Amino acid sequence: MKAFVLSCCSILLLAVVAHGEERQFVLVASAAPWQIAPGRMVMAYSYNQTVPGPEIRGNAGDVFRIMLVNNLPVPTTIHWHGVAVPNDMDGVPGVTGPVVNPGQTFTYVFHAPSPGTYWYHPHANSADQISMGLYGLLIVDPPADAPRKYDREVSMVIGEYGSMMGAGVSGRGGMGGMAGGTASTLLINGKTAPAIPDLRIRYGERVLFRMVNTGNMVHPMHVHGLHWTIVATDGFDLQTPYKKDTVPINAGERYDGILEADNKGIWMVHCHNLDHVTDLSTGLIFNLVVD
Ligand SMILES: [Cu+2]
């Protein structure tokens with residue numbers, strides 16, 4: 001590569017563009033109280049005290065330099081789900097690198113992949129740690145001059161709080177009013193209905209939904225009165241986008257769906273595993289307001 005760079009200025013320019021910018025992030029993993037609904041505090045594991053964790057975002061070719069600070073009482077790692085990272089950045093303890101013990105840090109360095117929706121989560125005791133709240137989106141933007149198929153975007157990150165807490169963490173809800181044990185609560189962007197806020201969309205707007213299922217069950221997400229056009233799955237653009245009004249999102253999967261707001265009204269969005277929307281007022285359900 002260096003020989004090419006030295007031999008031709010245009011190649012040098014390409015090389016600079018291809019390598020993009022360096023983007024630095026710090027993710028502090030810690031136990032933190034988290035309000036999943038008014039009056040419902042739980043003890044979560046979080047990145048930077050939010051569930052989901054902060055969005056990691058950049059452009060294809062950028063270098064992500066992400067420091068994990070482990071303030072948890074247990075070892076952890078971060079796996080970059082869907083990203084073809086160098087092997088020693090893959091976050092699988094005992095296979096691709098060491099575990100990050102309490103009080104330790106580790107810096108992950110890798111190139112941002114193709115534009116699309118990715119996510120990150122621990123790969124150390126991941127069943128417990130993900131269900132406690134350790135997950136977040138990693139988004140790679142298309143080039144600024146690429147044709148835009150949507151006006152704005154929203155994230156819909158599904159979580160199953162407590163679904164897989166084992167004996168190792170189930171007693172950690174010891175604070176007053178905190179949930180403990182193995183009760184599972186289904187979350188969108190860290191909240192359960194009725195605490196999931198309405199999504200307001202202007203008539204005619206095209207909204208890209210980035211849908212990610214961080215849990216272990218299938219969540220067939222259904223929208224009333226409108227349709228998604230699925231344009232990508234698992235970070236891969238589809239050659240032939242297709243229409244769906246129910247998107248079955250399997251464990252670990254993600255879908256990018258563009259919703260065109262061509263029908264005014266208040267429309268429900270909900271999981272069609274109907275025991276995930278108890279009484280149509282709790283769980284995975286929220287209102288989409290087109291006005
Ligand atoms: Cu569901």
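Please refer to the structure placed before this passage.
Note that this is a predicted model, so its numbers are computed, not measured. (Residues numbered from 1 in each chain as written. Predicted model: local features only at pLDDT ≥ 70, side-chain atom pairs only at ≥ 80, totals over all residues. Heavy atoms only, no water.)

**Points about the sheet that holds strand β12 (residues 199–201)**
Reasoning step 1: Read from one edge to the other, the open sheet built from five strands follows the order β12-β20-β19-β14-β17, with strand pairing classed as mixed. In the strand order of this sheet, the two ends are held by β12 and β17 (246–249), each with one partner. Each strand axis lies, on average, 20° off the axis of its neighbour in the sheet, ignoring direction.
Reasoning step 2: When β12 meets strand β20 (residues 285–290), the two strands line up parallel, connected through three bridges. What sits directly across from R200, in β20, is V289. (Pairing = 2+ DSSP bridges. Helix = DSSP H or I, 4+ residues; strand = E, 2+ residues; numbered from the N terminus. Axes fitted to C-alpha atoms, helices over the stretch in contact; angles between N-to-C directions.)

**Things to note about the packing of aromatic side chains**
Reasoning step 1: A full pass over the atoms with the stated rule returns eight aromatic pairs.
Reasoning step 2: Relative to F64, the ring of F25 lies with its centre 5.9 Å away and its plane at 70°, an arrangement referred to as edge-to-face. Of this pair, F25 sits in strand β1 (residues 22–37) while F64 sits in strand β4 (residues 63–70), and the two are 39 residues apart along the sequence.
Reasoning step 3: With a centroid separation of 5.5 Å and an interplanar angle of 70°, the aromatic rings of W80 and Y108 are classed as edge-to-face. Taken together, the residues W80 in strand β5 (residues 79–81) and Y108 in strand β6 (residues 105–111) connect sequence positions 28 residues apart. With respect to burial, W80 and Y108 carry one shared label: buried.
Reasoning step 4: Aromatic ring contacts, followed pair by pair, group F25, Y47, F64, W80, F106, Y108, F110 and Y120 into a single cluster.
Reasoning step 5: Just above the ring of W34 sits the side chain of K191; from NZ or CZ to the centre is 4.8 Å.
Reasoning step 6: Positioned above the aromatic ring of Y203 is the side chain of K264, whose terminal nitrogen or guanidinium carbon lies 5.4 Å from the ring centre. (Phe/Tyr/Trp six-rings, centres within 6.5 Å; stacked < 30°, edge-to-face > 60°. Buried < 20%, exposed > 50% of the residue type's maximum accessible area, 1.4 Å probe, protein only. Lys NZ or Arg CZ within 6 Å of the ring centre and 35° of its normal.)

**Quick word on the environment of P248**
Reasoning step 1: With respect to the helices and strands, the residue P248 is situated in strand β17.
Reasoning step 2: Along the chain, P248 and N273 lie 25 residues apart, while their C-alpha atoms are 9.8 Å from each other.
Reasoning step 3: In contact with P248, other than residues within four places in its own chain, are V218, H219, P220, E253 and Y255. (Contact = heavy atoms within 4.5 Å.)

**Comments concerning the pairing of β17**
Reasoning step 1: Residues V247 and I249 line the buried face of β17, whereas the alternating positions T246 and P248 sit on a face that is not buried.
Reasoning step 2: Pairing geometry for strand β14 (residues 219–223) and β17, over four bridges, is antiparallel. Across the sheet, residue H219 finds its bridge partner in β17, namely I249.

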